[in-house]
Amino acid sequence: MDLNYLKMSPLGKFLFNFKNFFKRLPSSFAAFFKAIPKKLYKLWLAFAGIFVNIGNAAKDGDWKTRTSFAVMGFGLICRKQYLRGILYLVFEILFILYMVFFGWKYLVKMGSLGEGKQVEVWDEVEGVYKPVFFDNSLLILLYSLLTIFIMVAFVYMWYQNVKGNLLSQQFVEARMHLPTAKDDIHSCADENYHKTLLSVPMLGLVVFTILPIFFMIFVAFTNFDQYHYPPGQLFSWVGLEHFETVLGGGISGGSKIFAYTFAEVLLWTIVWAFFATFTNYILGMVVAILINKKGVKFKKLWRTVLVITIAVPQFVSLMFMSQLLAEQGLINNLLLKWGWIDEAIPFLTDGTLAKTMIIIVNVWIGIPYSMLICTGILMNIPEDLYESARIDGAGPVRAYIKITLPYMLHVTTPYLITQFIGNLNNFNVIFLLTGAIPAPMELYYANHTDLLITWLYKITLRAKEYGLASVIGIFTFVVVAVLSLIFYNRSKSVKNEEEFM
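The rules behind each value
Residues numbered from 1 in each chain as written. Predicted model: local features only at pLDDT ≥ 70, side-chain atom pairs only at ≥ 80, totals over all residues. Heavy atoms only, no water. Helix = DSSP H or I, 4+ residues; strand = E, 2+ residues; numbered from the N terminus. Buried < 20%, exposed > 50% of the residue type's maximum accessible area, 1.4 Å probe, protein only. Contact = heavy atoms within 4.5 Å. Areas by Shrake-Rupley, 256 points an atom, 1.4 Å probe, with all protein chains shown as cover. Salt bridge = Lys/Arg side-chain N within 4 Å of Asp/Glu carboxyl O. Core = buried A, V, L, I, M, F, W, Y, C linked by side-chain atoms within 4.5 Å. pLDDT = per-residue confidence, 0-100. Phe/Tyr/Trp six-rings, centres within 6.5 Å; stacked < 30°, edge-to-face > 60°. Patch = residues over 30% accessible without salt bridge, like charges linked within 9 Å, V, L, I, M, F, W, Y side chains within 5 Å. Axes fitted to C-alpha atoms, helices over the stretch in contact; angles between N-to-C directions. Parallel < 35°, antiparallel > 145°, perpendicular 65-115°, else oblique. Left-handed = near helix turned anticlockwise from the far one by under 90°. Nonpolar A, V, L, I, M, F, W, Y, C, P; charged D, E, K, R; others polar. Lys, Arg positive; Asp, Glu negative; His and termini not counted. Charge placed at Lys NZ, Arg CZ, Asp CG, Glu CD. Polar contact = N/O pair within 3.5 Å; in protein donor to acceptor, adjacent residues only side chain to side chain.

With that out of the way, let us pick up the overall build of the protein chain. When you go through the protein chain residue by residue, the secondary structure sums to 21 helices and 2 strands. The burial tally for the protein chain puts 35% of its 501 residues in the buried class. At a minimum sequence separation of 6, the contacts of the protein chain that also span at least 24 residues come to 65%. Here the protein chain displays about 30200 Å² of accessible surface, and carbon together with sulfur accounts for 69% of that area.

Before going further, it helps to spend a moment on the pattern of salt bridges. Here the structure, examined in full by the defined rule, presents 4 salt bridges. Of the charged contacts, one joins Asp-135 and Lys-109 as a salt bridge, the two residues approaching to 2.8 Å between their closest N and O atoms. A residue pair is termed long-range when its members are at least 10 positions apart, and Asp-135 in the loop between β2 (128-132) and α7 (137-173) and Lys-109 in the loop between α6 (82-107) and β1 (119-123) qualify at 26 residues. Residue Lys-109 is classed as partly exposed on the basis of its relative accessible area, which comes to 32%. For Asp-450, the salt bridge identified is with Lys-458, shortest N-O distance 2.6 Å. Residues Asp-450 and Lys-458 agree in their burial class; the two are buried.

Okay, the nonpolar core next. Buried together is how nonpolar side chains tend to be arranged in soluble globular proteins. Membership of the largest hydrophobic core comes to 27 residues, with the highest contact counts inside it found for Trp-272, Leu-318, Leu-325, Val-361, Leu-424 and Leu-433. Counting only elements with at least two residues in this core, the list comes to α11 (253-292), α13 (314-324), α15 (351-378), α17 (396-424), α18 (427-434) and α20 (466-490). If you tally residues by element for this core, the top one is α15, at 5 residues. In this structure Leu-424 touches Thr-269, Ile-270, Ala-273, Leu-451, Ile-453, Val-480 and Leu-483, once residues within four positions along its chain are discounted. Counting residues in hydrophobic clusters, the runner-up holds 26 residues, among them Leu-141, Leu-145, Leu-166 and Leu-211.

A low pLDDT score tells you not to read the predicted coordinates there in detail. Averaged over all residues, the pLDDT of the protein chain is 83; the fraction at 70 or higher stands at 87%. The lowest-confidence element of the protein chain is helix α21 (residues 492-495), averaging 57 in pLDDT; the highest-confidence one is α6, averaging 93.

Moving on to the packing of aromatic side chains. Scanning all chains against the criterion turns up 27 aromatic pairs. Summarising the aromatic geometry, the rings of Phe-149 and Phe-214 are spaced 5.5 Å apart at their centres and angled 80 degrees between planes, so their arrangement reads as edge-to-face. Of this pair, Phe-149 sits in helix α7 while Phe-214 sits in helix α9 (residues 193-219), and the two are 65 residues apart along the sequence. Note on Trp-268 and Trp-272: the rings are 6.2 Å apart at their centroids and 50 degrees apart in plane angle, and the pair reads as tilted.

A word on a nonpolar patch on the surface. Together, Tyr-82, Ile-86, Val-90, Ile-93, Leu-94, Ile-96, Leu-97, Val-100 and Phe-101 give the surface a local cluster of nonpolar side chains, amounting to about 880 Å² of exposed area. The class of Val-90 is partly exposed, set by a relative accessible area of 40%.

Before going further, it helps to examine the environment of Gly-239. By the element assignment, Gly-239 lies in the loop between α9 and α10 (241-246). Apart from the residues within four sequence positions on either side, Gly-239 is in contact with Ala-220 and Phe-221.

This part takes up the packing of α15 against α18. Relative orientation of the contacting elements α15 and α18 amounts to 125 degrees, with a least axis distance of 11 Å. Our classification of the angle between α15 and α18 gives oblique. Between α15 and α18 lies a crossing whose hand is right-handed. Residues Ile-358, Val-361 and Asn-362 of α15 pack against Val-429, Ile-430, Leu-433 and Thr-434 of α18. Partitioning the contact of α15 with α18 into residue classes produces 5 nonpolar, 2 polar and no charged.

Before going further, it helps to spend a moment on the environment of Val-90. Tracing the sequence through the fold places Val-90 in helix α6. Measuring from C-alpha to C-alpha, the distance between Val-90 and Gly-73 comes to 9.1 Å, with 17 residues separating the pair along the chain.

There is a patch of like positive charges on the surface, built from Lys-34, Lys-38, Lys-39 and Lys-42. Position of Lys-38 relative to the elements: it lies in helix α3 (residues 25-60). Judged by relative accessible area, Lys-38 falls into the exposed class, the value being 58%.

Right, let's get into the side chain of Thr-434. Here Thr-434 is to be found in helix α18. Accessibility expressed as a relative area gives 1% for Thr-434, which makes it buried. Each residue touching Thr-434, except ones within four places of it in the same chain, is listed here: Leu-348, Ile-358, Asn-447 and Thr-449.

In this section: the packing of α13 against α18. Packed helix pairs are characterised by how far apart their axes lie and by the angle those axes make with each other. Where α13 meets α18, the axes come as close as 8 Å, and the angle between the chain directions of the two elements is 35 degrees. The chirality of how α13 crosses α18 is right-handed. Two secondary-structure elements touch here, α13 through Gln-314, Phe-315, Leu-318, Met-319, Met-321 and Ser-322 and α18 through Asn-428, Val-429, Leu-432 and Leu-433. In terms of residue class, the contact of α13 with α18 is built from 7 nonpolar, 3 polar and no charged.

With respect to the helices, strands and loops of the structure, Thr-449 is situated in the loop between α18 and α19 (452-463). Under the relative-accessibility criterion, Thr-449 is labelled buried at 2%. With near-sequence residues (within four places) excluded, Thr-449 lies in contact with Trp-268, Ala-354, Lys-355, Ile-358, Ile-430 and Thr-434.

Turning our attention to unusual backbone geometry. Non-glycine residue Lys-80 carries a positive phi angle of around 70 degrees. Here Lys-80 shows up in the loop between α5 (74-78) and α6. Backbone geometry at Leu-113 places phi at a positive 60 degrees, although glycine is not the residue there. Turning to its location among the elements, Leu-113 is positioned in the loop between α6 and β1.

As a further point, take the environment of Thr-434. Along the sequence, Thr-434 and Thr-449 sit 15 residues apart, while their C-alpha atoms lie 7.1 Å from each other. Within the local environment of Thr-434, its side chain forms a polar contact with the side chain of Thr-449, the two groups lying 2.5 Å apart.

So this is what it looks like as structure tokens:
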């Protein structure tokens, strides 16, 4: 096989590698899911280690350490580690106050998501009916999840408290120096400075990213829609009903239409992401090579022109293109006026033609970005490599395949993955060009060019099917996460990290 591969032409080698890449994708997916049990086993061993540490603290700890099981930081305060002990104690007090006065009343209603809905009561004074609110399913679910997150944080801090108390006891027994409050403050500004800086961003990540993701996941198991919209109405748990609808498990006609739409949109999303990523990348690289080539005049002018196109807001460019390609737009009017066509060309309304035009417009928008990135990398490729290739008789094509392309792919693989994931969620290009086009009868609130992200937007704001939209969001997250992990772990940037150092 190696000899046959070496005898192939450059084009044959490229096609062979291209075919093998997609041929190995099923095995890559299988290896990805096969590794999940091993990861879970390692996670279980980590949890088992936590329980072992707690058991050791209960068995070997003195009365101060054991008292810290109930009163956090007690042992630390007794051993004059006042700052740590007081912080643990204050955290415990705040947690108890939060649970008693706020968190518990929402957590106990999480199973039912509320029982009393909004009612109207006659106001004798003003002579009108006024709404009286009892339960709000949305707030119950949100604050219940927030309470669970706070409980998890409390359990973690409690474990750190037990572990810290046992460690301080061992320090005292070994007659070693215990860190004082001054030492702790100095540590936060020195060896643990990275933790100090990352604490606020991590808190923001939990509150503004992880919590909304879990909220979306839980909404997928409810009947939250326009007919069950708080505070006027309550919504409740419906289990896997929405997942069955998306996967075609329902028996109703609407369920079949939804499942068919999901399959069509998912397939187009992956096709779009592939072509949108690699057309921009390859053509941007070609443009960069042409501009960077020796003998080309006005290099600064060509680069400046392309950079200026980036300065124009993408919103303006896409809206202009949507008007240009409309059935009553400039292009159709000119073609009709010149007599080249008898009727307007449906650039953005015909399914196949609209998809083609979207890819072309995306190329026009995306090439300048790829060109700039590739230009910087091309300037760093050692010229000696090309001189050696020319001495060995290699032409421009062979030098590109053997030197330029491998170097570019190695350096830009993380960028390619980022672009691919970004195109999977590329809302602007799709929605601003074809978002206003009505959905055909065979599709559920989606036209032929919608991606999962734009379809999710329409289901949420137009159909107000929040439960179904959450399921689509979950599937989008799964597709994006799995593909990005597989492509990244199979890339040479990870496997041969030191090759180009």
